[in-house]
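Letter by letter, the chains look like this.
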Amino acid sequence: KQEVTQIPAALSVPEGENLVLNCSFTDSAIYNLQWFRQDPGKGLTSLLLIQSSQREQTSGRLNASLDKSSGRSTLYIAASQPGDSATYLCAVQDSGNTPLVFGKGTRLSVIA
Amino acid sequence: DAGITQSPRHKVTETGTPVTLRCHQTENHRYMYWYRQDPGHGLRLIHYSYGVKDTDKGEVSDGYSVSRSKTEDFLLTLESATSSQTSVYFCAISAPPANYGYTFGSGTRLTVV
């Protein structure tokens, strides 16, 4: 059974810092990995999707990497801003027909 | 979120009453999912559907049933609501074999008193 772990559970950084959020999964034979953002009381917004054949994806100040052999993904946020404050969720799909399995998220606070 | 809506957005109900949550999509995606989100547990899958009238259970399906009579609608029913079912419920859609990931609805906050 696939399990997804995100460390740390919470993180507080000053504005302008570059930061890394970590995600690990137990079964390395994945189909894809997706990073989401969730603001308090809101739904999930997809940030980046990395397919199993890819090593990384980039969108603006965000970069997500995938190392299937070690069962790890990182989300790198450059030059953090207070507007980046949210919970970041990592989720893994084992095949195209199996549901996403989520980690419990990392709650990020960027202090101005 | 564009293309997927959940109703109602908020609901308060009494213990023992049946409750139905609706998820509606305009994307013609084949797969639809119901998750619940609770502090300390993250998002957990309740049920999902891989086509009209085709559904399967997730890890927390006890006390819930689902129906999908047409592509665009996926209903989640709490047969007899309990306080442990107080949660935020999210619907999602995907379209395998196209690997575009999931799109989520805005959620339904359900309180059982």
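Here is a short report on the structure shown in this document. What you are looking at is a predicted structure, and each value in this text was computed from that prediction instead of being measured. (Residues numbered from 1 in each chain as written. Chains lettered and ligands numbered in written order. Predicted model: local features only at pLDDT ≥ 70, side-chain atom pairs only at ≥ 80, totals over all residues. Heavy atoms only, no water.)

A word on the overall build of chain B
Definition in use: A run of DSSP states H or I qualifies as a helix once it reaches four residues; a run of E qualifies as a strand once it reaches two. Both are numbered from the N-terminal end. Note on classification: 1.4 Å probe, protein chains only; a residue is buried when its accessible area is under 20% of the maximum for its type, exposed when over 50%, partly exposed between these limits. Note on areas: these come from Shrake-Rupley sampling with a 1.4 Å probe, and a residue is covered only by the protein chains present in the view. The positive count covers Lys and Arg only, the negative count covers Asp and Glu only, and His and the chain ends enter neither. Working definition for charges: the position is that of NZ of Lys, CZ of Arg, CG of Asp or CD of Glu.
When helices and strands are counted, chain B shows 0 helices and 11 strands. With the C-alpha coordinates aligned to their principal axes, the bounding extent of chain B is approximately 40 × 25 × 25 Å. Evaluated residue by residue, chain B yields a buried proportion of 50% over its 113 residues. Surface accessibility of chain B: about 5,200 Å² in total, with carbon and sulfur atoms responsible for 48%. Across chain B, the mean location of the 11 positive side-chain charges is 3 Å away from that of the 11 negative side-chain charges.

Looking at the sheet that holds strand 3 (residues 19–25) of chain A
Residue and element names in this part refer to chain A. To keep things clear, this is the line we draw: Whether two strands pair comes down to DSSP finding at least two bridges between them. Between N-to-C directions, angles span 0 to 180 degrees; the directions come from axes that are lines fitted to C-alpha atoms, helices contributing only their stretch in contact.
Pairing within the open sheet is antiparallel, and its 5 strands lie in the order 1-3-8-7-6. Of all strands in the sheet, those with a lone pairing partner are strand 1 (4–7) and strand 6 (56–59), marking the two edges. In this sheet, adjacent strand axes meet at a mean angle of 15° when their direction is disregarded. Examined bridge by bridge, strand 1 and strand 3 share 4 bridges and lie antiparallel to one another.

Describing the interface of chain B and chain A
Counted only if it meets this: Working rule for contacts: check all heavy atoms of both residues, and any pair within 4.5 Å makes them a contact. The quantity reported as buried area is the accessible area (1.4 Å probe) lost by two parts once they are put together, taken as the sum for both. Take a side-chain nitrogen of Lys or Arg and a carboxyl oxygen of Asp or Glu: if they are within 4 Å of each other, that pair is a salt bridge. Polar contacts, as used here, are pairs of N or O atoms within 3.5 Å; protein pairs need one atom able to donate a hydrogen and one able to accept it. Residues neighboring in sequence count only if both atoms are side-chain atoms.
Counting from both sides, the interface comprises 23 residues of chain B and, opposite them, 22 residues of chain A. The junction of chain B with chain A conceals about 1,600 Å² of combined surface from both sides, 51% of it contributed by carbon and sulfur atoms. If you sort the residues of chain B by the area they bury against chain A, L43, N99 and Y102 of chain B come out on top, with a joint share of 36%. Our count for the chain B to chain A interface comes out at 0 salt bridges. At the boundary of chain B and chain A, one finds 6 residue pairs in polar contact (both at pLDDT 80 or more).

Structural notes on the sheet that holds strand 7 (residues 64–70) of chain B
All names here are of chain B. On the basis of which strands lie adjacent, the open sheet formed by 4 strands has the order 1-3-8-7 and antiparallel pairing. The open sheet has two free edges, formed respectively by strand 1 (4–7) and strand 7, since each of these has just one partner strand. Sheet twist, expressed as the average angle between the axes of neighbouring strands with direction ignored, equals 20°. Both strand 1 and strand 3 (residues 19–25) contribute to a ladder of 4 bridges, which runs antiparallel. Bridge pairing in strand 3 places T5 opposite H24.

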